[in-house]
Every structure is written in C-alpha cells, then in structure tokens.
Amino acid sequence: MKTVSVIGAGTMGAGIAQVFSQIGYHVHLIDYKQENIDRALQKINANLSKLTTKKVYTEEQKEAMLKCIQPSLIYNDLLAKSSLIIECISEDIEKKKKLFKDINSHLSQDVIVATNTSSIPISGLASLLDHPERFIGMHFMNPVPVMKLVEVIRGKDTSEKTIATIVAIVEELNKAAVLVNDSPGFVANRLLFALINEAVYILQEKVASAEDIDRIMKLGMSHPMGPLQLADYIGLDVCLSILEIMYENLHQEKFKPCALLTKLVESGKLGMKNGNGFYQWNGMQIVAANY
Ligand code: CAA
C-alpha cells in the first residue's frame, strides 16, 4: 500500500487526507494539536458518511477508508515510511522553514516532499532540504474533495521525474494538475487575491454593500460565490497572510491588504470559521454585516 504523510490537520490537511484515503493510500495525518486531529477526523467521517448515504460507497468501504487514516502527534518514524509528504501547516514562512529543517533528517531515500502553500515561493523552502529536486508545490483548492484543480508548482530545482510522479498522483485522485512556474501566489492566488482585495476596497469606499458586490460577481460572471463570501469561506486571517506575502514579494500596490481587511482580522472577525466576517454566519444562514 502506498503511504502519504499529511502534516497539518487543518481544513486543507483534512481534505487532502480524505481524498488520498478514497484512492486506497495509507495516510499518516500528523498535527501537534490533538484537537486539530479530532476535528479533521470528524469532518472526514461526516464527508464519507454523506457519500455512503448517497451510495457512492458502501459502509464497509467507508470503514476501510477511515481505517487507512492513522492520526499522530509526532512524525519522526512515520516520515521514513512515506513515499510522499504533503505539508499543510499554516501560511507562515518561518513555521514552514522550521518544519522543513526539522524533517530533513527523517526522510527516506526516494520520498517526494510537497508543500500546499498557497502563496510562498517554493524554491526557498526547497533549499532547506538535502534533495530540492524532490520538492514540489501541490496547491489544492478548498473544499479539497470537491475542487478539481491541483496547481502544481515547479521550483527552481524540481526534477522532471518529480513532476511526472506528482502529475500521475493528481490524476489518480481524479483531479486535474496544472503545472506552473514558481512565483509568489503562483497563478491561482495572484488572480483570486487581486479580485478579493479589490472587492474589499469597493466595500470600504461604500460603492456597494457586501451582498451587492457578491451578487454582481455571481449573477454577472457566474462565480459560485462572490469574492467577499469566498474570503469569509477561506478565512480572513488566511486571506490577510496571503496578501501580505504577495505584497512583500511582488511589491505591487494591488496586493497591499485593504485596511478594512486588516481591521476585521485585528478585531477577531475571521470569516465563516468563527461566525463573523463580511457576513454573519449563523448555521446555514448568512447575513451581510454592515460596513
Ligand atoms: N467537503 C466535501 N464536500 C463538500 C464540501 C466540503 N467542505 N462543501 C460542499 N461539498 C459538496 C456537497 O456535499 C455537495 O455535493 P453533491 O453535489 O454531491 O450533493 C456539493 O459539494 C455542493 O455543495 P452545496 O450544495 O452545499 O453548496 P454549493 O453548490 O454552493 O457548493 C461549494 C459549495 C462547492 C463550496 C461552491 O460554493 C463553490 O464552488 N464555491 C467556490 C469555492 C472556491 O472557489 N474554492 C477555492 C477557494 S481558494 C483556494 O482554495 C486557494 C487558496 O489558496 C486560498
């Protein structure tokens, strides 16, 4: 059985662990906080139960998938048994650097190390490992079980063999790999965050309400969610981190986080995850907040 280690059991780590369990991988789901692991396992269980109710899987298949996921609070021994490691910790360059330095001595000979960073250029991270040719970006989209895209990022030293292996794994996951070169925010977030930041400026300037800005993009451009609802969905703290990294690295004013976004994060409004952001999320009901 092929083995993948997913480091970081947040929203993205949970989704990635789930989709690998669905294609028969043994998954090590690693996080230093038990509560993150518990939340991730609950979410995976709920998602797989839904698919069982819809008769996509039998009860036995669901149980087998859940059994494939081995949670752990430490990684040392587990990493050496993995053919692929996917880092999904928070979008913080110093934390990521520390993690890669720490794991370097625990890696097996042929392992590929991938980062799910959504904005940090990957070549600098790769240089912390003995084998940067086996380092790559795998940028999954949220919600992972639903979204088709994996943006695959080629670092300065990533080998063709590593790219071919990862593209094949993405296809095994029944997703589409789009290969891009290393650059802050890559392609997906360079486009998306220019839009989200501009939507926040439009709201700040009181050109339109949050609901109307979103309605314009939903009804006018067929986006499934408007940019402000999507920002709440991603998490406003995550949006702020991504914009800060892109502004710092690309030096373009359009990525300078809008003051309203910073203010919301500083006042503890993080979006859907804590019920408050551009909208007030009350269960399934979302109500635009008045800014
Ligand atoms: N996990 C698993 N399945 C999920 C899910 C989740 N978190 N959320 C929704 N789904 C499934 C539902 O079960 C449902 O499945 P069926 O059609 O088989 O019943 C399906 O997705 C549709 O869900 P809903 O009917 O509840 O709602 P919806 O039609 O509005 O879809 C959505 C929800 C898929 C999230 C849709 O609104 C959407 O596509 N939104 C945009 C998402 C997006 O843009 N993601 C990218 C974010 S940016 C990013 O990830 C990059 C980054 O670095 C920040």
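Here the structure is a predicted model, which is why all the values come from computation and not from measurement. (Residues numbered from 1 in each chain as written. Predicted model: local features only at pLDDT ≥ 70, side-chain atom pairs only at ≥ 80, totals over all residues. Heavy atoms only, no water.)

K.L.:
What is the right way to read the overall build of the protein from this model?
P.N.:
Within the protein one finds 12 helices and 10 strands. Computed over the C-alpha atoms, the radius of gyration of the protein is 19 Å, within 12% of the 19 Å expected from 2.2 N^0.38 for a compact globule of 291 residues. Considered along the principal axes of its C-alpha atoms, the protein spans approximately 55 × 45 × 30 Å. Taking all 291 residues of the protein together, 46% fall into the buried category. Of the contacts made within the protein by residues no fewer than 6 positions apart, 65% connect residues no fewer than 24 positions apart. Counting every atom, the protein has about 14300 Å² of accessible surface; 54% of that belongs to carbon and sulfur. Placing the 30 positive and 32 negative side-chain charges of the protein at their respective mean positions leaves the two points 4 Å apart. (Helix = DSSP H or I, 4+ residues; strand = E, 2+ residues; numbered from the N terminus. Rg over C-alpha atoms; globule rule 2.2 N^0.38 Å. Buried < 20%, exposed > 50% of the residue type's maximum accessible area, 1.4 Å probe, protein only. Contact = heavy atoms within 4.5 Å. Areas by Shrake-Rupley, 256 points an atom, 1.4 Å probe, with all protein chains shown as cover. Lys, Arg positive; Asp, Glu negative; His and termini not counted. Charge placed at Lys NZ, Arg CZ, Asp CG, Glu CD.)

K.L.:
It is not clear to me how helix α11 (residues 236-250) should be interpreted in this structure. Could you clarify?
P.N.:
In a regular helix each residue adds 1.5 Å, so 15 residues correspond to 21 Å; α11 covers 21 Å between its end C-alpha atoms and thus fits that length. Where α11 is concerned, the buried positions are L236, C239, L240, I242, L243, I245, M246 and L250. Of the surrounding elements, those touching the buried residues of α11 are α8 (188-204), α10 (227-234) and α12 (259-266). (Expected span 1.5 Å × (residues − 1).)

K.L.:
I would appreciate a short explanation of the sheet that holds strand β4 (residues 84-87) in the present structure.
P.N.:
Pairing between the strands of a sheet comes from backbone hydrogen bonds, and it takes one of two forms, parallel or antiparallel. Spatial strand order, β3-β2-β1-β4-β5-β6-β7-β8: 8 strands in an open sheet with mixed pairing. The sheet terminates laterally at β3 (69-72) and β8 (176-181), the two strands that pair on one side only. Recorded for the sheet is a direction-independent mean angle of 25° between the axes of neighbouring strands. Bridge count for strand β1 (residues 3-7) against β4 is 4 bridges, and the pairing is parallel. Looking across to β4, one finds that S5 is bridged to I85. (Pairing = 2+ DSSP bridges. Axes fitted to C-alpha atoms, helices over the stretch in contact; angles between N-to-C directions.)

K.L.:
Can you help me understand the pattern of salt bridges in this one?
P.N.:
Here the idea is simple: oppositely charged side chains can pair when their charged atoms come close. Summed over the entire model, instances satisfying the criterion amount to 11 salt bridges. Among the ionic pairs, E172 bridges to K2, the shortest N-O distance being 3.2 Å. Here E172, found in helix α7 (residues 160-172), pairs with K2, found in the segment before β1; they are 170 residues apart in sequence, far enough to count as distant. Salt bridges sharing common partners tie together E59, K62 and E63. (Salt bridge = Lys/Arg side-chain N within 4 Å of Asp/Glu carboxyl O.)

K.L.:
Even after reading the chapter, I still don't get the site of the ligand, so can you show me in this structure?
P.N.:
In the vicinity of the ligand lie 19 residues, with K54, S118, H139, N142 and N189 positioned nearest. At a separation of 2.6 Å, an oxygen atom of the ligand approaches a polar side-chain atom of K54. In the model, an oxygen atom of the ligand is placed 2.7 Å from a nitrogen or oxygen of the H139 side chain. At the level of elements, α2 (34-53), α8 and α10 are the ones that each hand at least two residues to the shell around the ligand. Residue classes in the shell around the ligand are distributed as 11 nonpolar, 5 polar and 3 charged. In this structure, the shell around the ligand is formed jointly by two domains, domain 1 (3-181) and domain 2 (188-284), each of which donates at least three residues. (Near = heavy atom within 4 Å. Polar contact = N/O pair within 3.5 Å; in protein donor to acceptor, adjacent residues only side chain to side chain. Nonpolar A, V, L, I, M, F, W, Y, C, P; charged D, E, K, R; others polar. Domains from an automatic or database assignment.)

K.L.:
Which parts of the structure should I look at to understand the packing of helix α9 (residues 210-221) against α10?
P.N.:
Helix-helix packing is characterised by the crossing angle of the two axes and by the distance between the axes. Across the interface, α9 lies against α10 with an axial gap of 7 Å and an inter-helix angle of 105°. In terms of axis orientation, α9 runs roughly perpendicular to α10. Each of A210, I213, D214, M217 and K218 in α9 lies in contact with α10, whose residues at this interface are P227, L228 and Q229. Partitioned by chemical class, the residues of the contact of α9 with α10 number 5 nonpolar, 1 polar and 2 charged. (Parallel < 35°, antiparallel > 145°, perpendicular 65-115°, else oblique.)

K.L.:
Help me understand the state of the cysteines in this model?
P.N.:
What we call a disulfide is simply a covalent bond connecting the sulfur atoms of a pair of cysteines. This structure, assessed with the given rule, holds 0 disulfides. C88 takes part in no disulfide bond, and the closest cysteine sulfur, belonging to C239, lies 18 Å away. Just so you know, C258 is unpaired, no disulfide at all, and the nearest cysteine sulfur is the one on C239, 12 Å from it. For C258, a relative accessible area of 0% corresponds to the buried category. (Disulfide = S-S within 2.5 Å.)

K.L.:
Please clarify how the nonpolar core should be interpreted in this entry.
P.N.:
Soluble globular proteins tend to bury their nonpolar side chains together. Grouped together as the largest cluster of nonpolar side chains are 35 residues, with contacts concentrated most on F20, L84, I86, F140 and I166. Broken down by element, this core gets its largest block of residues, 6 residues, from helix α1 (residues 11-22). By size, the runner-up hydrophobic cluster in this structure holds 25 residues, among which are V200, M246, C258 and V265. (Core = buried A, V, L, I, M, F, W, Y, C linked by side-chain atoms within 4.5 Å.)

K.L.:
What is the right way to read the domain arrangement of the protein from this model?
P.N.:
Taken domain by domain, the protein comprises domain 1 (3-181) and domain 2 (188-284). Computed from C-alpha atoms alone, the centre-to-centre distance between domain 1 and domain 2 is 26 Å. Here domain 1 packs against domain 2, burying approximately 700 Å² in sum over the two surfaces, 59% of which is carbon and sulfur. It is E91, S119 and N142 that lose the most area in domain 1 upon contact with domain 2, and together they represent 47% of the buried surface on that side. Where domain 1 meets domain 2, there are 0 salt bridges. Scanning the region where domain 1 abuts domain 2 turns up 2 residue pairs in polar contact (both at pLDDT 80 or more). Split into classes, the residues belonging to the side of domain 1 that touches domain 2 amount to 4 nonpolar, 4 polar and 2 charged. (Buried area = accessible area lost by both parts, 1.4 Å probe.)

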